[in-house]
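# Architecture at a glance
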Amino acid sequence: MIMKGKRMGNDELFNVKKLFKKDLVLLDVECKDVFDLLNYLSNFALEKGLVYPDFKEAVIEREKSFPTGLKMPQINIAIPHTDSKYVKVPQVIVAKLKKKIIFKEMGLEDNDLPVDIVFMLLINNDGHQVFLLQNIINLCMNEEISKKLLSSNSQEEIFHLIQYYYETYAEYCEDVSN
């Protein structure tokens, strides 16, 4: 089942769609390597007031220990993230890269993976991490959506494409973590 919402305690709904904002979609991001990119995205998040100052070091160290590159059928993505204690406001930063950047592949640290799009997770509740990872993987497994993500050239187009996915393909569901 594809999920866009998660029922939490006290009937609170964790809605993935609300984590994506148009001003957090970045186009033609150009960096020399994965760590330059994580530095850039962390500074962007800090300037927006979404993370604490120590977020940058934490996300870089986590990427070194637990790589986040993922090979999908149509697109290669990375989903860098770190512990919730470094995040003020839950969001997802989407960075479409001008040129592919090499990430290490999740679970296969010896494999280099040229990544097209990065989804940096800013999660302030550790219980939401796996649920959000599953949602982004499902988004990128969708052939129509992933092809359009690759061909899209505007912030608004990418933002609306993601919103369309969660309105069209996803269903609200009960908490899957317990």
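Whatever comes next refers back to the structure up there.
What comes next concerns the included structure.

Definitions and cut-offs
- One numbering rule holds for all chains: residues counted from 1, following each sequence as written.
- Predicted model: local features are reported for residues with pLDDT of at least 70 only, side-chain atom pairs are reported and counted for 80 or more only, and whole-chain, interface and lining totals are derived from all residues.
- Derived side-chain values reflect all non-hydrogen atoms in the structure, with water molecules and hydrogen atoms excluded from consideration.
- Think of it this way: any DSSP run of H or I at least four residues long counts as a helix, any run of E at least two long counts as a strand, and we number them from the N terminus.
- Buried means the residue's accessible area, taken with a 1.4 Å probe over protein chains only, is under 20% of the maximum for its type, while exposed means over 50%, and partly exposed covers the values in between.
- Any two residues having at least one pair of non-hydrogen atoms within 4.5 Å are treated as being in contact.
- Pairing between strands requires that DSSP locate at least two bridges from one strand to the other.

So, about the side chain of D116. As for its placement among the helices and strands, D116 is situated in strand 7 (residues 108-122). We classify D116 as buried; its relative accessible area is 12%. When sequence neighbours within four positions are dropped, the list of residues in contact with D116 reads I75, N76, A95, K96, L97, K100 and L150.

Let us look at unusual backbone geometry. Even without a glycine there, the phi angle at D28 is positive, about 50 degrees. Note that D28 resides in strand 3 (residues 20-29). Residue D28 is classed as exposed on the basis of its relative accessible area, which comes to 55%.

Turning next to the pairing of strand 7. Bridge analysis of strand 5 (residues 76-78) against strand 7 gives two bridges, and the strand direction is parallel. Each bridged residue has a counterpart across the sheet, and for I77 the counterpart in strand 7 is I117. As paired strands, strand 6 (residues 91-105) and strand 7 are joined by eleven bridges and run antiparallel to one another. Note on strand 7: the bridge partner recorded for A95 is V118. What sits between strand 6 and strand 7 in their antiparallel hairpin is a turn of two residues, with G107 showing a positive phi close to 80 degrees.

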